[in-house]
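Report on the structure
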Amino acid sequence: MGRITASRTSLKGDPKHGSMLAGKFINCLMLDGKKTTAQRVFYDALEEVAKRNTDAEPIEIFETALENIKPYIEVRSKRVGGASYQVPMQVNRSRQQSLAIRWLLAAVRDKKGRPMHLKLADEVLAAYKKEGVAYTKRENTHRMADANKAFAHFAW
């Protein structure tokens, strides 16, 4: 396991909305310590979301999109008697959040040829509507856990 860091205690909400989730997302979006650039990309994406979807606040759409991506169950390898089994296990809250953020960013970074804020806005709106690459990743994870339900008795 990795070292325990003070990121949870020193995490500040984002400057505009005060949302801890948005602050965490901006930190994960940031590359090479360029936080201002990451904030600009995030807020431009939220503006784009607001243009395309006027029925809710963009920060609420973002939070709902991440909530839709969060996996509730995943498979983990468990070695029993010389054989490895994919055992379905529940995912704790902090891991749910980090997986959702990681999958959303991976889906955005895999797309090429457009500005980052537009790709992020597309993926957030797709996740809000329960579609898109990140949501598909979650569904595949749940499907794999469901397929390996027979090995659930190995979860201890």
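In this text the structure is predicted, and so the values were computed from the model without any measurement.

On to the pairing of strand β1 (residues 73-80). Two elements, β1 and strand β2 (residues 83-90), share eight bridges in a ladder whose sense is antiparallel. For arginine 79, the partnering residue across the bridge sits in β2 and is serine 84. Where β1 hands over to β2, the hairpin turn is made up of two residues, of which glycine 81 adopts a positive phi near 60 degrees.

For the rest of this paragraph, the subject is the environment of lysine 16. Its place among the elements puts lysine 16 in the loop between α1 (7-10) and α2 (20-29). Overall, lysine 16 belongs to the exposed group, its relative accessible area being 55%. It is 8.8 Å that separates the C-alpha atoms of lysine 16 and tyrosine 43, two residues lying 27 residues apart in sequence. Aside from chain neighbours lying at most four places away, what touches lysine 16 is Tyr43 and Glu47.

Note that arginine 138 resides in helix α7 (residues 133-147). For arginine 138, a relative accessible area of 11% puts it in the buried group. With near-sequence residues (within four places) excluded, arginine 138 lies in contact with Asn68, Ile69, Lys70, Pro71, Tyr72 and Trp103.

In this structure, aspartate 32 takes a positive phi of about 55 degrees despite not being glycine. Tracing the chain through its elements places aspartate 32 in the loop between α2 and α3 (35-52). A residue is classified by how much of its surface remains accessible, and aspartate 32, at 75% relative accessible area, is exposed.

Moving on to the nonpolar core. In this structure, Phe25, Phe42, Phe62, Leu104, Leu120 and Val124 are the most contacted members of the largest nonpolar core, which totals 33 residues. Listed by contribution, the elements that provide at least two residues to this core are α2, α3, α4 (58-69), α5 (93-110) and α6 (116-128). Sequence-distant contacts of phenylalanine 62, defined by excluding residues within four places in its chain, comprise Leu21, Ala22, Phe25, Phe42, Leu46, Leu104 and Val124.

Bringing the environment of tyrosine 43 into the picture now. Residue placement: tyrosine 43 occurs in helix α3. Note: C-alpha distance between tyrosine 43 and glutamate 74 (31 residues apart in sequence) is 31 Å. In contact with tyrosine 43, other than residues within four places in its own chain, are Asp14, Pro15, Lys16, His17 and Ile26. Polar side-chain contacts of tyrosine 43 include one of 3.3 Å to the backbone nitrogen of lysine 16.

Those residues of α2 that fall on the buried side of the exposure criterion are Leu21, Ala22, Gly23, Phe25, Ile26 and Leu29. Looking at the packing, one finds that the buried side of α2 touches α3, α4, α5 and α6. The N-cap residue of α2 is serine 19: its side-chain oxygen and the backbone nitrogen of leucine 21 are 3.4 Å apart.

All right, on to the packing of α5 against α7 then. Closest axis-to-axis distance for the α5/α7 pair is 8 Å, and the angle between their directions is 130 degrees. The orientation of α5 with respect to α7, classified from their angle, is oblique. As for the relative orientation of α5 and α7, their crossing is right-handed in sense. Residues Trp103, Leu104 and Ala107 of α5 touch α7, and the partners they reach there are Val133, Ala134, Lys137, Arg138 and Thr141. Among the residues forming the contact of α5 with α7, the class breakdown is five nonpolar, one polar and two charged.

The end-to-end C-alpha separation of α7 is 21 Å, in line with the 21 Å expected for 15 residues at 1.5 Å each. Taken residue by residue, α7 has Ala134, Tyr135, Arg138, Thr141, His142 and Ala145 as its buried positions. All buried residues of α7 lie within an arc of 120 degrees about the axis, which places them on one face of the element. Facing away from the buried side of α7 by over 90 degrees, the exposed positions are Arg143 and Ala147.

Thresholds applied
- Residues numbered from 1 in each chain as written.
- Predicted model: local features only at pLDDT ≥ 70, side-chain atom pairs only at ≥ 80, totals over all residues.
- Heavy atoms only, no water.
- Pairing = 2+ DSSP bridges.
- Helix = DSSP H or I, 4+ residues; strand = E, 2+ residues; numbered from the N terminus.
- Buried < 20%, exposed > 50% of the residue type's maximum accessible area, 1.4 Å probe, protein only.
- Contact = heavy atoms within 4.5 Å.
- Core = buried A, V, L, I, M, F, W, Y, C linked by side-chain atoms within 4.5 Å.
- Polar contact = N/O pair within 3.5 Å; in protein donor to acceptor, adjacent residues only side chain to side chain.
- Axes fitted to C-alpha atoms, helices over the stretch in contact; angles between N-to-C directions.
- Parallel < 35°, antiparallel > 145°, perpendicular 65-115°, else oblique.
- Left-handed = near helix turned anticlockwise from the far one by under 90°.
- Nonpolar A, V, L, I, M, F, W, Y, C, P; charged D, E, K, R; others polar.
- Expected span 1.5 Å × (residues − 1).
- Arc of directions from axis to C-beta.

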